[in-house]
Amino acid sequence: MRKPLIAANWKMFLNLKEALSLAASLSKVNTDGEKDIFIAPSFTNMAVVAEELKKSAPHISVAAQNFYLGADDASSGAYTGEVSLPMIKSAGATAVILGHSERRNIFGEDDAFINRKVKCAIAEGLTAILCVGELLAEREASVQNEVVLAQLGKSLAQVADLTNVVIAYEPVWAIGTGKTATPAGADEMHNAIRTFIGRYYGKSASNEIRILYGGSVKPDNIKALMQQGNIDGALVGGASLNAEQFEKIINY
Ligand code: PEP
């Protein structure tokens with residue numbers, strides 16, 4: 001059975017004090033090992049949050065929201081303002097969110113760049129949380145499956161082993177908008193993703209890979225989403241910034 005995974009994406013929110021206080025509140029949430037919990041703070045808050053969780057809640061893992069790769073996959077160099085893979089690792093991240101629609105659509109990251117990052121992240125032993133999802137116009141043109149499966153295929157090019165890969169299906173029209181895919185609609189896409197994985201990686205990989213849903217997940221819709229056969233967890237933005245709401249999501 002796939003272990004549920006609930007991940008928080010704190011995006012560009014929370015100063016250091018606020019991040020520590022939220023981490024301290026979440027450290028009290030215990031799932032008795034039945035679910036994985038990941039928290040993705042900003043780069044500046046990551047090391048202190050990781051340090052705090054190591055002491056108070058070692059069952060909660062820290063994920064980075066991104067990292068940068070220089071030319072020829074350089075993991076250091078003259079890239080002013082950027083943060084490398086060894087840096088996030090040494091700051092306590094054991095996972096990293098890659099291909100988030102905000103990275104794709106605001107910062108122009110393409111599948112080829114995301115693919116390089118996925119390969120480097122897993123080579124370094126991190127879990128890659130690979131985000132895919134269609135725009136509203138693509139959904140309205142009924143090309144969502146083609147779009148999502150193309151993102152997936154290109155982002156996973158030359159990735160032979162999916163053990164350290166988690167996929168997050170995040171329809172862009174549902175992120176931060178309060179609009180959620182219906183549980184059945186989300187499950188349909190998750191099923192298409194799982195079938196795709198089965199075709200290229202075999203049955204056991206498709207049975208084992210965790211596929212999270214993301215897009216306005218809240219305490220009142222998580223249960224119905226998690227009841228779907230192909231939804232293994234959630235990637236949560238807005239509602240993860242509130243300890244009470246995020247706890248309710250974890251304990252759906
Ligand atoms: C996200 O950014 O990954 C996300 C799902 O955000 P929200 O929950 O706010 O829609």
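Look a little higher up for the structure.
No experiment lies behind these values; they were computed from the predicted model shown.

1. Some words on the pairing of strand β3 (residues 60–64)
Phase 1: Within β3, four of the five residues are buried, which leaves it mostly tucked inside the rest of the structure.
Phase 2: In this sheet, β3 lies alongside strand β2 (residues 36–40) in parallel orientation, the contact comprising three bridges. Bridging across to β3, I37 finds its partner in I60.
Phase 3: The pairing of β3 with strand β4 (residues 95–98) spans two bridges and is parallel. Bridging across to β4, A63 finds its partner in A95.
Phase 4: Read as a crossover between parallel neighbours, the route from β3 over helix α3 (residues 85–90) to β4 is right-handed.

2. Quick look at helix α2 (residues 43–56)
Phase 1: Across its 14 residues, α2 extends 20 Å between first and last C-alpha, which sits within 8% of the 20 Å expected from 1.5 Å per residue.
Phase 2: By the burial criterion, the buried members of α2 are N45, M46, V49, A50 and L53.
Phase 3: The inward-facing, buried residues of α2 contact α1 (16–26), β2, β3 and α3.

3. Things to note about the environment of N221
Phase 1: Its place among the elements puts N221 in the loop between β7 (210–214) and α10 (222–226).
Phase 2: On the accessibility criterion, N221 (15% relative accessible area) is buried.
Phase 3: Remark: the alpha-carbon pair of N221 and T180, spanning 41 residues in sequence, is separated by 8.4 Å.
Phase 4: When neighbours within four sequence positions are excluded, N221 is seen to be in contact with T180 and S216.

4. Focus on the site of the ligand
Phase 1: In the region of the ligand, 14 residues are neighbours, and K11, H100, E170, G176 and S216 sit closest.
Phase 2: At 2.7 Å from an oxygen atom of the ligand is found a side-chain nitrogen or oxygen belonging to E170.
Phase 3: When isolated, the ligand has an accessible area of 290 Å², and the protein chains bury 97% of it.
Phase 4: Looking at the shell around the ligand, its residues break down into four nonpolar, eight polar and two charged.

5. Focus: unusual backbone geometry
Phase 1: One non-glycine residue, D73, lies in positive phi territory at about 60°.
Phase 2: Inspection of the secondary structure puts D73 in the loop between β3 and α3.

Calculation rules
Residues numbered from 1 in each chain as written. Predicted model: local features only at pLDDT ≥ 70, side-chain atom pairs only at ≥ 80, totals over all residues. Heavy atoms only, no water. Buried < 20%, exposed > 50% of the residue type's maximum accessible area, 1.4 Å probe, protein only. Helix = DSSP H or I, 4+ residues; strand = E, 2+ residues; numbered from the N terminus. Pairing = 2+ DSSP bridges. Right-handed = clockwise from strand over helix to strand, strands pointing away. Expected span 1.5 Å × (residues − 1). Contact = heavy atoms within 4.5 Å. Near = heavy atom within 4 Å. Polar contact = N/O pair within 3.5 Å; in protein donor to acceptor, adjacent residues only side chain to side chain. Areas by Shrake-Rupley, 256 points an atom, 1.4 Å probe, with all protein chains shown as cover. Nonpolar A, V, L, I, M, F, W, Y, C, P; charged D, E, K, R; others polar.

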